[in-house]
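Each chain, written out:
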Amino acid sequence: MPHHIYNCAEGCPVESTLQIISGKWKSVIIYHLIKEKNCRFNELQKLMPNCSRRMLSLQLKELENDQIIAKTIFPTVPPKTSYQLTSLGKTLTPLILEMEKWGNKYNQLHE
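If you're wondering where the values come from, they're calculated on a predicted model, not measured in any experiment.

Student: Run through the packing of helix α2 (residues 26–36) against helix α6 (residues 93–109), naming residues and quoting values.
Tutor: At a minimum axis separation of 10 Å, α2 and α6 run at an interaxial angle of 105°. The angle between α2 and α6 places the two elements in the roughly perpendicular class. For the pair formed by α2 and α6, the contact residues are Ser27, Ile30, Tyr31, Ile34 and Lys35 on the first element and Thr93, Ile96, Leu97, Met99 and Glu100 on the second. Residues of the contact of α2 with α6, tallied by class, amount to six nonpolar, two polar and two charged.

What follows is the structure in structure tokens.
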């Protein structure tokens, strides 16, 4: 999905941010990469058991295309792939960690 730079009325910077991190699993992927630093595909899948392999692959590809994550392929047999946040992706850390705090408070209210 191509993304656009908005130069319009109030609220558009939020729209730009949401365009990058929206998607059911993107923020969760970023969260795990903040916590774990590097993750292989299977590790991410174990951390997110309700996300199908296909969906995880699609979300990773979109985050990679948006330069939020980087993929490293190791020349082994079979090949191993690792994902990590880029410097741009790391700038989302405060936002994602605030989402974690909010989610914890929300979950406590609804236990």
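Student: Tell me about the packing of α2 against helix α4 (residues 53–65), and name the residues and values.
Tutor: At a minimum axis separation of 10 Å, α2 and α4 run at an interaxial angle of 75°. Between α2 and α4, the angle falls in the class roughly perpendicular. Listed contacts from α4 to Lys26, Ile29 and Ile30 of α2 are Leu56, Gln59, Leu60, Glu62 and Leu63. When grouped by side-chain class, the residues that make up the contact of α2 with α4 number five nonpolar, one polar and two charged.

Rules used throughout
Residues numbered from 1 in each chain as written. Predicted model: local features only at pLDDT ≥ 70, side-chain atom pairs only at ≥ 80, totals over all residues. Heavy atoms only, no water. Axes fitted to C-alpha atoms, helices over the stretch in contact; angles between N-to-C directions. Helix = DSSP H or I, 4+ residues; strand = E, 2+ residues; numbered from the N terminus. Parallel < 35°, antiparallel > 145°, perpendicular 65-115°, else oblique. Contact = heavy atoms within 4.5 Å. Nonpolar A, V, L, I, M, F, W, Y, C, P; charged D, E, K, R; others polar.

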